[in-house]
Amino acid sequence: MISHDNHGLRLAVRYAVLVLVAIIFVFPLLFMVMSSLKPDHQLLVDTGSLRAFLPVGDISFDNYAAAFQRAPISTFVINSVIVTGVTVMLSLAICSLSAFSFVFLRWSGRNLLLSILLATLIVPFETIAIPLLLLVSKLPWLGLDGLEQGWLNSYHVQILPFAADALTIFLFVQYFKDLPSELVEAARVEGASWFQIYLKIIMPLAGPVVATAAILRFLFMYNQYLWPLMVVQSDEYRPVMVGLQYFFQLDTPWGEVMAYLSLITIPVLGFYLMLQRAFIASIASTGVKG
Amino acid sequence: MATLSMSGLTKRFGDIEVIRGVDIDIADGEFVVFVGPSGCGKSTLLRMIAGLEDISGGELRIDDHLVNDMQPRDRGIAMVFQTYAIFPHMSVRENLGFGLTIAKVPKAEKEQRVMQAARILQMEHLLDRRPSQLSGGQRQRVAIGRAIVREPSVFLFDEPLSNLDAALRMDMRMEIGKLHEQLGATMIYVTHDQVEAMTLADRIVVIKDGIVQQVGAPMELYHQPANRFVAGFIGSPSMNFLPVEVQSVDHDSALVASTSLDAVRVPMRVEPLKSGDQALLGLRPQYLVPTNEQDAGQLHGTLSLVERLGSETVVDVNTRENTRLVAAIADDRTFETGTEIAFTFDPNRAHLFSAAGDGALNK
Amino acid sequence: MADSKLTRSNRTGWLMSLPGFTLVALFIIVPFFFAFGLSMTNQRLVSPNPTKYVGLENYRQMLDIALVTLQPERDASGTVIRDDEGTIQYPRLRRLSRSDPAFERYKGMREWFGWQSGESHKAVVVRDPLFWIALRNTLLFVLVVAPVQGGIALGLALLVNQKLRGINAFRTIYFMPVVVSIVVVSLLWRFIYDGNDGLLNNLLDTLSFGAIPGVDWLGNPSTALGAIMAMSIWQAVGFHMVIWLSGLQTISPTLYEAADIEGASKWQAFRYVTWPGLRNTAVLVIIVITMQAFALFAQIDVMTNGGPLDSTQSLVFQAVERGYGKQDISGGSVISVVLFVLVLAISLVQRWLTRDRQN
């Protein structure tokens, strides 16, 4: 017989462990946000006690104002929104269309092309970054001012290399394979063209995989660092993560640094907390590969 | 309204030939059922007619037009799938009108045709529902409705009732029968269920291994099966095949006997046999009549199992050479397992087949 | 009669897949082969001179490694020369490679590390010490992070796989750092690790009542790489927890019920039900962590710039330092190729581990 007391105790121990671990994950982030609200002298004193994680003392948004003084933050934010937004949209459209043709259409070269695409899954971006840098520095671009040589310092150099990737195509392929092929055949008998089937039958049914791919692509693009670091030298096109370099100097007040970090992190965290199930599911679905 | 003709149709997947030279002519307004065991090629044949599979060889004509290379939408056909294939993200109304939306038919006409189809199938009240809110039977009705709206000259049904439960299946079967009467359209229906085939068809096409075994009206197949495969496939419970030896033949009948069968003269309709051949005597369970006295019977065995179904009693019998026979007895006499039993039968209702091969037509 | 082409849609098929394939080809496949090609040239990002093909020279420069044995200096009588503290004196490698023909091959190479062996001194000499240090650090990072992060992630997954009220909230919290950029995390932890006013030092000081002295975690060559490892594990462990979790959830609960009825203890249930069911997940988690660990860059760039004393150099950091910082595209490409070969080897091991055992 298990007594009720024993059972209650065990439950308490379980929750205690869960909470303790949760503290390890939450407190650094909490520290970041709280510190962003405190003046520097108080901030450094607070690190010695639990006050570091509490909104106590002289609380204000002064650090945020100072951070905006130090760097053109609004430009960085707009750049990140443009680059991330456009890439996610393009990637969803291009990759789903490719996957649609791989799964539902029969054409010569289909298997070969798909195999080549999937083989690129094992090429980490870091191993091609350097040659890609040389490539984009030589590519021509037809801009508003006519033909230009080299893509450096632009939006398109941050967008186009990521507008299609094997993982997104793969996710769509997996999802489409599980849709009943009779839906496509019925639509064909009803007279729909391939493009109509893609637009009116398949995409309206692809909600879950669109969410998965969008989340993965969003996280990847918004958090990019290495690539924009190399290809963007001017503030005009710099995204938020590279904008961080303004705060690298050793004499930067920590309060301002924390303000900037909070500013670019809280929206993502909020987004995550709203859609946490979809976020976690999308990470789990990358585990299916291999 | 349309006629349909297949001549020498073949289908290969790589080196494997799954349809091996099919010739069938279907008259305008006819209800034809393709039936056969799973994997026999019947669905492939239907999909070739629909234009969902390439035709490897031969000619397919609808109303005398060669349609081998024509897209499905241009063939004037509509198809009902086993899994219904109704679009889950569209309302019933949108599903019914999908083909017309694609064809950019004016709104008023579309609305009118959708309403008409809904009336025929008595589902006007379901028009604004989503497929997820419908029962299996209602979904299949939507699939049929979508076919009706297209006003096709040929309806194609691919095992439309397989996903329904038994009771619903019978209702829908009757409804499809009524629909055929009402529309008078040419219909081709694929099933593995010989009951559906028998009840619905004007003509049945029995297929095995990509080859047409026999084409004919239901009762023609029942009474005059062209080979042992058809004989065994049509009818429920299946025909019994009793191993016998041919003792003598004249031009259209043979005298056969075995340990448990007294010598009997039966007509030789299917294959020519000669004296001394091993043969199989086909006896339908319904035509075996039990006798009271052992000596009066022609066929002897021991009762091994009795199943009383109410309308009839099905008994399993072990013959003296240990072959299993099934008899369906109409009256509700009681039988006891383990006792000896004897049967008589009308020799004219028996069929004689060669024991060689698997009993089906092979090329 | 040939197959009719009714159900083939070559034109539409190509048209629909072409945008995606073209982008992948241009921005992944072409640069991939570029890496191999460029690694055999003297290509620079911007250069007035034409590019020259140099064959495997770059690889020779970077990968050249040798073991040399140095004999002690002796005076005229053949006695070993020792300094005032009794340390044996050895000739300098640079001098030897100029004067002694036997050592000519080592010209331009420097000692990476060495040890005493009897009277002689053994030295591992390399032409490009920075590359070798980066390679060693990267491998060390992978070898520590992969098992530790994988193990902790499994523990967390088991923790949040319990059927408890509100367990989803804990899942959400443990996963939280994953959605935060590694760049943000790195800068935040620079503050936490700070030697003067850092949160970690102050917390340790408070908790131990001053017994633990403050450490400049990132400024000390012996703690810097470890500090970065710990932070990296903290940031990404939730990711792998989720992968473990989806593996755990594929194990049928009836197996646990059966084990329960058989009287298995918690540990036995884990050993005989859970773990065998997680075999493929385990391989996957280790592979994914390994791939991510090989890509170590942002943490280094934000936190230490490879220092102190090169103790946190990594392969990708070196590739970027050379390819972008010094505009030495060919040098960066060589490191990229080396990195790819390492990753490919890992993938092949994965293939081998998850191969179909039926055959």
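Student: Even after reading the chapter, I still don't get the overall build of chain C, so can you show me in this structure?
Tutor: Across its full length, chain C holds 14 helices and 3 strands. For 359 residues, the compact-globule estimate of 2.2 N^0.38 gives 21 Å, and the C-alpha radius of gyration of chain C, at 27 Å, exceeds that figure by more than 25%. Overall, the C-alpha framework of chain C stretches about 85 × 80 × 45 Å when taken along its three principal axes. In chain C, which comprises 359 residues, the proportion classed as buried is 38%. A separation of at least 24 residues holds for 60% of the contacts in chain C among residues at least 6 apart in sequence.

Student: Would you take a moment to explain the overall build of chain B for this structure?
Tutor: For chain B, the helix and strand inventory stands at 8 helices and 20 strands. Along the first, second and third principal axes, the C-alpha set of chain B runs to 80 × 45 × 35 Å. Looking at chain B as a whole, 40% of its 363 residues are labelled buried. Within chain B, counting contacts between residues at least 6 apart in sequence, those at least 24 apart form 67% of the total.

Student: How should I be thinking about the interface of chain C and chain A in this particular structure?
Tutor: Often the size quoted for an interface is simply the accessible area lost on bringing the parts together. Taken residue by residue, the interface counts 78 residues in chain C and 74 residues in chain A. In terms of residue count, helix H1 (residues 10-38) of chain C provides more of the side of chain C that touches chain A than any other element does, 20 residues in total. Class assignment for the residues of the side of chain C that touches chain A results in 54 nonpolar, 20 polar and 4 charged.

Student: Looking at this structure, how should I read the sheet that holds strand E1 (residues 4-13) of chain B?
Tutor: Adjacent strands of a sheet pair through backbone hydrogen bonds, lying either parallel or antiparallel. All names here are of chain B. Across the sheet, which stays open at both edges, the 4 strands sit in the order E2-E1-E4-E5 with antiparallel pairing between neighbours. For this open sheet the edge positions go to strand E2 (16-26) and strand E5 (65-66), each flanked by a neighbour on one side alone. Bridging between strand E4 (residues 57-62) and E5 involves 2 bridges; their strand directions are antiparallel. Looking at E5, one finds that Arg-61 is bridged to Leu-66.

Student: Could you clarify how one ought to interpret the domain arrangement of chain B in this entry?
Tutor: Residues and elements named next belong to chain B. Looking at the assigned domains, one finds that chain B contains domain 1 (4-233) and domain 2 (240-354). Measuring from the centre of the C-alpha atoms in domain 1 to the corresponding centre in domain 2 gives 39 Å. Counting residues at the interface gives 6 residues for domain 1, matched by 6 residues for domain 2. The residue makeup of the side of domain 1 that touches domain 2, split by class, is 3 nonpolar, 2 polar and 1 charged.

Student: Explanation requested: the interface of chain A and chain B in the structure shown.
Tutor: On the chain B side, the residues contacting the 14 residues of chain A number 17 residues. Broken down by secondary-structure element, the contributors of at least two residues to the side of chain A that touches chain B are helix H9 (181-189) and helix H10 (194-202) of chain A. Ranked by residue count, the leading element in the side of chain A that touches chain B is H9 of chain A, at 6 residues. Residues that form the side of chain A that touches chain B fall into these classes: 8 nonpolar, 2 polar and 4 charged.

Student: It is not clear to me how the sheet that holds strand E15 (residues 289-291) of chain B should be interpreted in this structure. Could you clarify?
Tutor: Residue and element names in this part refer to chain B. Judged by pairing direction, the sheet is antiparallel, and its 5 strands sit side by side in the order E15-E19-E16-E17-E18 without closing on themselves. Strands at the two margins of the open sheet, each flanked by one partner only, are E15 and strand E18 (324-329). The mean inter-strand angle of the sheet, taken between neighbouring strand axes irrespective of direction, is 50°. Where strand E16 (residues 299-308) and strand E17 (residues 313-319) come together, 7 bridges link them in antiparallel fashion. Along E17, the bridge assignment pairs Arg-308 with Thr-313.

Student: Mind showing me how you'd approach helix H4 (residues 129-160) of chain C here?
Tutor: In an α-helix there are 3.6 residues to a turn, and that puts residues three or four apart on one side. Taking 1.5 Å of rise per residue, the 32 residues of H4 of chain C would be expected to cover 46 Å, and the 45 Å separating its terminal C-alpha atoms lies within 8% of that figure. Maximal helix bending in H4 of chain C amounts to about 25°, located at Val-145 of chain C; proline Pro-147 of chain C follows within four positions.

Student: Before we go on, may I ask you to explain the environment of Ala-164 of chain A in this structure?
Tutor: Note that Ala-164 of chain A resides in the loop between helix H7 (156-159) and helix H8 (166-178). Residue class for Ala-164 of chain A comes out buried when judged on the 27 C-beta atoms lying within 10 Å of it. Sequence-wise, Ala-164 of chain A and Val-88 of chain A are 76 residues apart; in three dimensions their C-alpha atoms are separated by 9.4 Å. Beyond its immediate stretch of four places on either side in the chain, Ala-164 of chain A contacts Ser-91, Ile-94 and Cys-95 of chain A together with Pro-19, Gly-20, Leu-23 and Val-24 of chain C.

Student: Quick question: what am I supposed to make of the domain arrangement of chain C here?
Tutor: You can read the domains of chain C as domain 1 (65-126) and domain 2 (130-353). Relative to domain 2 of chain C, the C-alpha centre of domain 1 of chain C lies at a distance of 41 Å.

Student: Help me out: how do you make sense of unusual backbone geometry in this one?
Tutor: Peptide bonds are mostly trans, and most non-glycine residues show a negative phi. Residue and element names in this part refer to chain B. Looking along the chain, the bond that leaves Ser-236 and enters Pro-237 is cis, with omega of -5°. With respect to the helices and strands, the residue Pro-237 is situated in the loop between helix H8 (228-233) and strand E11 (240-249). Residues other than glycine seldom take positive phi values, yet Asp-209 does so here, at roughly 50°. Structurally, Asp-209 is set in the loop between strand E9 (203-208) and strand E10 (211-216).

Student: When you look at the packing of helix H6 (residues 125-138) of chain A against H1 of chain C in this model, what are you seeing that I'm missing?
Tutor: Packed helix pairs are characterised by how far apart their axes lie and by the angle those axes make with each other. Close contact between H6 of chain A and H1 of chain C brings their axes to 8 Å; oriented N to C, the two are set at 95°. Classified by the interaxial angle, the pair formed by H6 of chain A and H1 of chain C is roughly perpendicular. For the pair H6 of chain A and H1 of chain C, the contacting residues are Thr-127, Ile-128, Pro-131, Leu-132, Leu-134 and Leu-135 of chain A in the first and Phe-27, Ile-28, Val-30, Pro-31, Phe-32, Phe-34, Ala-35 and Leu-38 of chain C in the second. Along the lines of polarity and charge, the residues of the contact of H6 of chain A with H1 of chain C split into 13 nonpolar, 1 polar and no charged.

Student: Honestly, the pairing of strand E2 (residues 110-117) of chain C in this entry has me stumped. Any pointers?
Tutor: Every other side chain in a regular strand lies on the same face of the sheet, so the side chains alternate between the two faces. Residues and elements named next belong to chain C. One ladder, built from 7 bridges, connects E2 with strand E3 (residues 120-126); its direction is antiparallel. Bridge pairing in E3 links Phe-113 to Val-124. Hairpin remark: E2 followed by E3, antiparallel, with 2 residues in the connecting loop; positive phi at Gly-118, about 65°.

Student: Is there a simple way to think about the environment of Asp-64 of chain C in this case?
Tutor: Residue and element names in this part refer to chain C. Along the chain, the position of Asp-64 falls in the loop between helix H2 (57-63) and strand E1 (65-70). Asp-64 gets classed as partly exposed once you count the C-beta atoms within 10 Å, which come to 17. Placed 47 residues apart in sequence, Asp-64 and Glu-111 show a C-alpha to C-alpha distance of 12 Å. Those residues in contact with Asp-64 that sit more than four places away from it in its chain are Met-109, Val-126 and Arg-127.

Student: Sorry if this is basic, but what is going on with the nonpolar core here?
Tutor: In a soluble, globular protein the nonpolar side chains are often hidden away together inside. With 276 residues, the main nonpolar core has Phe-172 of chain A, Val-33, Met-79, Leu-156, Ile-188 and Leu-281 of chain B together with Met-241 of chain C as its most contacted residues. With 14 residues, helix H8 (residues 224-248) of chain C is the largest single contributor of residues to this core. Beyond its immediate chain neighbours, meaning those up to four positions away, Val-33 of chain B contacts Tyr-189, Thr-191, Ala-197, Leu-200, Ala-201, Ile-204 and Val-205 of chain B. Val-68, Tyr-106, Ala-123 and Val-125 of chain C belong to the second-largest nonpolar core, a separate cluster that totals 6 residues.

Student: Whenever I open this one, the packing of H4 of chain C against H8 of chain C confuses me. Can you help?
Tutor: All names here are of chain C. Between H4 and H8, the least distance of the axes is 6 Å, while the angle of their chain directions is 45°. As summarised for this structure, H4 and H8 are arranged oblique, according to the angle between their axes. In this structure, H4 meets H8 at a crossing whose hand is right-handed. Grouping the amino acids of the contact of H4 with H8 by side-chain chemistry returns 20 nonpolar, 5 polar and no charged.

Student: Just to check I follow, could you spell out H8 of chain C for this structure?
Tutor: Residue and element names in this part refer to chain C. Taking 1.5 Å of rise per residue, 25 residues should cover 36 Å, and H8 covers 35 Å from first to last C-alpha, within 8% of that figure. At Ala-236, H8 shows its strongest bend, of approximately 45°. In terms of residue burial, H8 counts as a mostly covered element, since 19 of its 25 residues are buried.

Scoring rules and cut-offs
Residues numbered from 1 in each chain as written. Chains lettered and ligands numbered in written order. Predicted model: local features only at pLDDT ≥ 70, side-chain atom pairs only at ≥ 80, totals over all residues. Helix = DSSP H or I, 4+ residues; strand = E, 2+ residues; numbered from the N terminus. Rg over C-alpha atoms; globule rule 2.2 N^0.38 Å. Buried ≥ 20, exposed ≤ 12 C-beta atoms within 10 Å, placed from the backbone. Contact = placed C-beta atoms within 7 Å. Nonpolar A, V, L, I, M, F, W, Y, C, P; charged D, E, K, R; others polar. Pairing = 2+ DSSP bridges. Domains from an automatic or database assignment. Axes fitted to C-alpha atoms, helices over the stretch in contact; angles between N-to-C directions. Expected span 1.5 Å × (residues − 1). Bend = angle between axes of the 7 residues up to and from the residue. Parallel < 35°, antiparallel > 145°, perpendicular 65-115°, else oblique. Core = buried A, V, L, I, M, F, W, Y, C linked by C-beta atoms within 7 Å. Left-handed = near helix turned anticlockwise from the far one by under 90°.

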